[in-house]
Amino acid sequence: MRASDKAKIRQRRIAHTLLVVFSFSLMFLGKLDLNALRSARMSMNDFTAPFVDLVSAPVRGVETMVQGIRTVASLRAENVRLQAENALLKRWRRRAEILESENRQLRSVAGAVTPDRRQPVTARAVTAPGGAFAHTVLVANGREQGIERGNPVVTADGLVGLVVDVGATYARVLMISDINAQIPVILSSSSWPGVTVGNNGTFLSLRFLPEEAAPKVGELVLTSGHGGVLPAGVPVGRVDLVRDDFVRVRPAVDLRHLSYVSILVGGTEGIDLDNLALEDYYTPLPETEGTRLFEGVNAAGERQ
Amino acid sequence: MTPRGRFFQKAELDSNWPFQFLIIVFGVVLAMFEGGLALWPVFYGATPILSLIFLFWVALHHEKLVFLVTGFLIGIASDLLFSDLIGARATAYIAVVFLMDIRRAKLQQGDFRDVWVEFVAVTTGVVLFQFLVFSALNLAIPAITPVLFQVGVTLILFPIGYVILTTVNMAFNRIRVSS
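For clarity, every value in this text was computed on a predicted model and none was experimentally measured. (Residues numbered from 1 in each chain as written. Chains lettered and ligands numbered in written order. Predicted model: local features only at pLDDT ≥ 70, side-chain atom pairs only at ≥ 80, totals over all residues. Heavy atoms only, no water.)

Caption draft 1: Structural context of the overall build of chain B. Across its full length, chain B carries 7 helices and 0 strands. The order of α-helices and β-strands along chain B, N terminus first, is α-α-α-α-α-α-α. Taking all 179 residues of chain B together, the buried fraction comes to 50%. Restricting to contacts in chain B with at least 6 residues of sequence separation, those with at least 24 account for 69%. If you sum the accessible surface of chain B, you get close to 9100 Å²; carbon and sulfur atoms cover 71% of it. (Helix = DSSP H or I, 4+ residues; strand = E, 2+ residues; numbered from the N terminus. Buried < 20%, exposed > 50% of the residue type's maximum accessible area, 1.4 Å probe, protein only. Contact = heavy atoms within 4.5 Å. Areas by Shrake-Rupley, 256 points an atom, 1.4 Å probe, with all protein chains shown as cover.)

Caption draft 2: The arrangement of the pattern of salt bridges in detail. Under the defined criterion, the tally for this structure stands at 12 salt bridges over all chains. A salt bridge links A:Arg60 to A:Asp53; its shortest N-O distance comes to 3.0 Å. Given a relative accessible area of 25%, A:Arg60 falls into the partly exposed group. Note that B:Arg103 and B:Glu118 form a salt bridge whose closest N and O atoms lie 2.8 Å from each other. Placement of B:Arg103 in helix α5 (residues 88-109) and of B:Glu118 in helix α6 (residues 112-138) is noted, with a sequence separation of 15 residues between them. Several salt bridges share partner residues, and in doing so they unite A:Arg12, B:Glu63, B:Asp101 and B:Arg104 into one network. (Salt bridge = Lys/Arg side-chain N within 4 Å of Asp/Glu carboxyl O.)

Caption draft 3: Focus on the sheet that holds strand β2 (residues 136-139) of chain A. Residues and elements named next belong to chain A. Read across the open sheet, the 6 strands follow the order β1-β12-β3-β4-β5-β2; overall the sheet is antiparallel. At either end of the open sheet lies a strand with only one pairing partner, and these are β1 (119-124) and β2. If you compare each strand with its neighbour and ignore which way they point, the axes differ by 35° on average. (Pairing = 2+ DSSP bridges. Axes fitted to C-alpha atoms, helices over the stretch in contact; angles between N-to-C directions.)

Caption draft 4: Inspection of the pairing of strand β7 (residues 193-198) of chain A at higher detail. All names here are of chain A. In terms of burial, β7 is a largely internal element, 6 of the 6 residues being buried. By the alternation rule, side chains of β7 split into Pro193, Val195 and Val197 and Gly194, Thr196 and Gly198, which are all buried. Between strand β6 (residues 182-187) and β7, which pair antiparallel in sequence order, lie 5 residues; one of them, Ser191, sits at a positive phi of approximately 65°. Pairing geometry for β7 and strand β8 (residues 204-207), over 4 bridges, is antiparallel. Following the sheet pairing, Thr196 is matched in β8 by Leu206. In sequence, β7 turns back onto β8 through a hairpin of 5 residues, with Asn200 there showing a positive phi of about 60°.

Caption draft 5: Geometry of the confidence of the model for chain B. Mean pLDDT over chain B: 86, with 92% of residues reaching 70 or higher. Within chain B, helix α1 (residues 5-8) of chain B has the poorest average pLDDT of any element, 53, and helix α3 (residues 50-61) of chain B the best, 93. (pLDDT = per-residue confidence, 0-100.)

Caption draft 6: Helix α7 (residues 144-178) of chain B, seen in detail. The end-to-end C-alpha separation of α7(B) is 50 Å, in line with the 51 Å expected for 35 residues at 1.5 Å each. Residue B:Phe158 marks the point of greatest curvature in α7(B), where the axis turns by about 40°; the proline B:Pro159 follows within four residues. (Expected span 1.5 Å × (residues − 1). Bend = angle between axes of the 7 residues up to and from the residue.)

Caption draft 7: Local environment of the sheet that holds β8(A). Residue and element names in this part refer to chain A. Pairing in this closed barrel of 6 strands is antiparallel, and the strands run β6-β7-β8-β11-β10-β9 around the ring. Each strand of the sheet is rotated relative to its neighbour by a mean of 45°, with strand direction disregarded. Bridge count between β8 and strand β11 (residues 246-251): 3 bridges; the pairing is antiparallel. Along β11, the bridge assignment pairs Leu206 with Val247.

Caption draft 8: Structural view of the packing of helix α1 (residues 3-31) of chain A against α6(B). Two elements in contact, α1(A) and α6(B), have axes whose closest approach is 11 Å; the angle formed by their N-to-C orientations is 35°. The two elements α1(A) and α6(B) meet at a crossing, and its hand is right-handed. Between α1(A) and α6(B), the residues in contact are A:Phe24, A:Met27, A:Phe28 and A:Lys31 and B:Phe129, B:Val133, B:Leu137 and B:Asn138, respectively. (Left-handed = near helix turned anticlockwise from the far one by under 90°.)

Caption draft 9: The nonpolar core, seen in detail. With 49 residues, the main nonpolar core has B:Leu52 and B:Phe56 as its most contacted residues. For this core, the secondary-structure elements that each account for two or more residues are α2 (17-37), α3, α5, α6 and α7 of chain B. Ignoring sequence-local partners within four residues, the contact set of B:Leu52 consists of B:Tyr93, B:Val96, B:Phe119, B:Val122, B:Thr123 and B:Val126. Core analysis: the next-biggest nonpolar cluster, separate from the first, contains 40 residues, A:Val139, A:Val154, A:Leu187 and A:Val236 among them. (Core = buried A, V, L, I, M, F, W, Y, C linked by side-chain atoms within 4.5 Å.)

Caption draft 10: The interface of chain B and chain A, seen in detail. Contacts between the two partners involve 52 residues from chain B and, on the opposite side, 47 residues from chain A. Carbon and sulfur atoms supply 70% of the area buried between chain B and chain A, which totals about 4500 Å² over both sides. Ranking the residues of chain B by area buried against chain A places B:Leu39, B:Tyr44 and B:Leu68 at the top, with a combined share of 17%. Across the chain B-chain A interface, the total number found is 1 salt bridge. For the interface between chain B and chain A, the tally reads 8 residue pairs in polar contact (both at pLDDT 80 or more). For the side of chain B that touches chain A, the secondary structure elements donating two or more residues are α2, α4 (70-82), α5, α6 and α7 of chain B. The biggest single contributor to the side of chain B that touches chain A is α6(B), with 8 residues. Here the side of chain B that touches chain A is composed, by residue class, of 39 nonpolar, 10 polar and 3 charged. (Buried area = accessible area lost by both parts, 1.4 Å probe. Polar contact = N/O pair within 3.5 Å; in protein donor to acceptor, adjacent residues only side chain to side chain. Nonpolar A, V, L, I, M, F, W, Y, C, P; charged D, E, K, R; others polar.)

Here is the structure:
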């Protein structure tokens, strides 16, 4: 081997090593959650999202076609099911009207705080979680449409997640199934508080439940509104499995079929969303309170 | 006598730069397509790593077209678009390119089974590296099933991808020869 070849190989190896060191350090920089890196990433997403959308078009086309074929095949069965569901919904509507009236009366007695006014902004989901290491989704609405970091993202079925990064025209949503998503919730029938934690899989786990809590399979899990970032009463999921101390929750929203979502804009005034310290966000519950409705409770545990 | 050969060489046309650039662009497009595949409920949360199949094939058969930063750029594009860990896949892809530099000669002499076995090791290594770094930085272990599904689907799709890439390559070569 010639000396020049040896030198070339040495140079290439040094470059390789430097590149490895550089990209390895990027991982730690990324975890530091620096503002500069976050905005660089969102600028990159703003630039590439239309291309991703374009590249995904064939997949979306095939998916629509498959769904169309499936719909036609199951039209008769679907009609029977919808009729039954319609009858059930009518009964539920009557019941809801009665409950709404009862709820209004109870609120006036308990002095509960009315939920903040939040404006829904509809956005199309451009991507879906493609890897096992992050459950985030890009939506085609951003700063220009008034989206802010911390805005809740919902569908008619329930909570999808939270906006974590905002670009000019696109925003990144951290889904409730992500390992970093921890949602303060209550059990609907017993009102016991807890926190749902994702694991980058299909289900969530319900943690930090009080010892007295006895969650039942099928019980609805709702956001508690604790901390003020998320509105109270948005369905997160239903208890799917209870085994000793482990409680599994199936998300209310079928996260695999997201096409359009609603971003709830506003209602987070006065909350420093860029510096959500864990101890502020998960304030211990006020023990003196006779109610477990947390909406309107500030970081100090006082009603606003 | 003045050497005149160099005036007749197709120096500009033989440059690898355009192809190296195209390889990077195609790899990034594949990474985007991976994200698009996640829109299919079947691949929700665990799409096949098509960009790895492509990178492996190019590094094996067209080493001159693999630029030093090819793996890095394809990986970082994938990280920025779909991952929580910026740089994890990029690091793994650089390692793949480096590994292929060492293993290329042996693999080119072997049959397809050897190549597939090597790809199994490479895919497992890439995903395992991401898994370990992710777990260490987040102090939590993600669900294993999607990880295994992703590896499995990628390994199953490798022969198909390999054949498609080889066929396209042969077609390109034919066009180049005839023109």
